[in-house]
Amino acid sequence: MKFKSAFPLLLLNMFLANLSMGLVIPILPELLELFEAGGQAAGYLVSCFGLTQFLFSPMAGNLADRYGRKPLIIVGLILFSISNLLAALAWDISLLFVSRLIGGVGSAALIPAIIAYAADITTDEQRGKAMSWSGAAMTSGFIIGPGVGGLLAELGLKTPFYASAVVGVLAMLCSLWLLPESLTPEVRRLRLQALAKQASLLRQIALSVRSRYFVLLLIVFTMTFGLTHFEAIFPLYVVQAYGFSTGEIAILLTLCSLIGTFNQIVLTDRICQRFGEKKIIGAMLTLSAVSLAGLLLSGNYFYVMFMTMLFFTFNNILRPTMNTLLSKAAGEDQGFVAGMNNAYTSLGTIFGPLLAGILFDIHLGLPYLFGAFVLLASSFILVRRIDGKRVASEAILGTR
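Residues numbered from 1 in each chain as written. Predicted model: local features only at pLDDT ≥ 70, side-chain atom pairs only at ≥ 80, totals over all residues. Heavy atoms only, no water.

Draft legend 1. Structural context of the overall build of the chain. Secondary structure summary: the chain contains 17 helices and zero strands in total. Contacts in the chain between residues at least 24 apart in sequence constitute 87% of all its contacts with a sequence separation of at least 6. Approximately 15800 Å² of the chain is accessible, and the part contributed by carbon and sulfur atoms is 69%. (Helix = DSSP H or I, 4+ residues; strand = E, 2+ residues; numbered from the N terminus. Contact = heavy atoms within 4.5 Å. Areas by Shrake-Rupley, 256 points an atom, 1.4 Å probe, with all protein chains shown as cover.)

So, in structure tokens, the structure goes:
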């Protein structure tokens, strides 16, 4: 019962970890103007968050197995708050970059520990629903971030960062007092020898490439690549191409993210049970590509809102579906696989915005066309290699 009562707190922490990624997106045009920075800085600000998240995710997964989930969650929330406070106080763009780098480390500590915690306290039958809720918190945090940032910016350009820092401190205090540790000391001691094999980032990536769940991790990368490709330049695109205001962008992103999250919670478990994970992954990748390219067809505000809502819905369904398969395939290596999941997500967060900023300077619509191509290619090439039934059955049997 104590673990069940802690699950809502886990979801809140997951939401906050991803909220920080997207918080800066709607105010990027004004921030860049304030610091007299160029357009490519928008992509760099988003991708540098993913850089440190990628570098520290495997280490965080190991530490979560070695010392328990709770300490990593507490440290992650502390770094989350420091990152946002530094961004609020930044008087130079270099400090803003530092704050984003710290935020990436905090996210690296939080997300693998939360996913592993959820796997610790659920059975195989319960895990799908738990991962669905965790995925909803993850994607909604990342997607709602821009909407929240835009709305709070009406009170002041740095207000989103101050508010996020305060909420992070409150979440840290609540986790410190109310969140029980999910791993016993005996279990942690049993895992010390296994962790010795995972000493370096390159070794862990090499292990993941040879694993049976590598294709799933690769799709995690492409999915995140497409999502961050969308978000990194969305405010710049709709301002320059369609003339949207900051308030209109915030309202659009907030409404679309809420609808997309609702659709994900209602639909994911049902359609996965009916059609299976493999078909759902392929369909969501294809539909995400179509909706991403569809944003280029019209500048009508409600049309853009509709296409954005579809894109968010498809991505929200895709994330927990793959989280469930990865968790089942992980067996006893929940911390390691959760760390790799976060690492591949971070790679998408690095290269998606980085390339989007470069392509945006070439042509306004080129980032969306390329992002759609990557998602569509993933659907046709990668998904054909996924045997969802084999992954699930091997996980149940505990084979490697």
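Anyway, onward from the coordinates.
Draft legend 2. Fine view of the side chain of T52. Mapped onto the secondary structure, T52 falls in helix α3 (residues 40-67). Apart from residues no more than four positions distant in its own chain, T52 is found in contact with R100, L101, G104, V105 and A108.

Draft legend 3. Up close: helix α11 (residues 214-242). Spanning 29 residues, α11 covers 40 Å between terminal C-alpha atoms, matching the ideal 42 Å at 1.5 Å per step. At F234, α11 shows its maximal kink, close to 55°; a proline, P235, follows between one and four residues later. Most of α11 is tucked away: 24 of the 29 residues are buried. Downstream of α11 by a residue or two, G243 has a phi angle that is positive, lying close to 75°. (Expected span 1.5 Å × (residues − 1). Bend = angle between axes of the 7 residues up to and from the residue. Buried < 20%, exposed > 50% of the residue type's maximum accessible area, 1.4 Å probe, protein only.)

Draft legend 4. Highlighting the confidence of the model for the chain. For the chain, per-residue confidence averages 78 on the pLDDT scale, and residues scoring 70 or more make up 82% of the total. Predicted confidence in the chain is weakest over helix α17 (residues 388-397), with a mean pLDDT of 44, and strongest over helix α4 (residues 69-89), with 89. Across residues 388-400, where pLDDT falls below 50, the model places 15 contacts with residues more than four positions away in sequence or in other chains. (pLDDT = per-residue confidence, 0-100.)

Draft legend 5. Inspection of the environment of A42 at higher detail. Tracing the sequence through the fold places A42 in helix α3. Its relative accessible area of 1% is what places A42 among the buried residues. For the pair A42 and L28, spaced 14 residues apart in sequence, the C-alpha to C-alpha distance is 6.4 Å. Beyond its immediate sequence surroundings of up to four residues, A42 is in contact with L28, L32, A232 and L236.

Draft legend 6. Here's a closer look at a nonpolar patch on the surface. On the surface, a cluster of nonpolar side chains totalling about 340 Å² of accessible area is made up of L51, L55, F56 and M59. As for its position among the elements, L55 is in helix α3. (Patch = residues over 30% accessible without salt bridge, like charges linked within 9 Å, V, L, I, M, F, W, Y side chains within 5 Å. Salt bridge = Lys/Arg side-chain N within 4 Å of Asp/Glu carboxyl O.)

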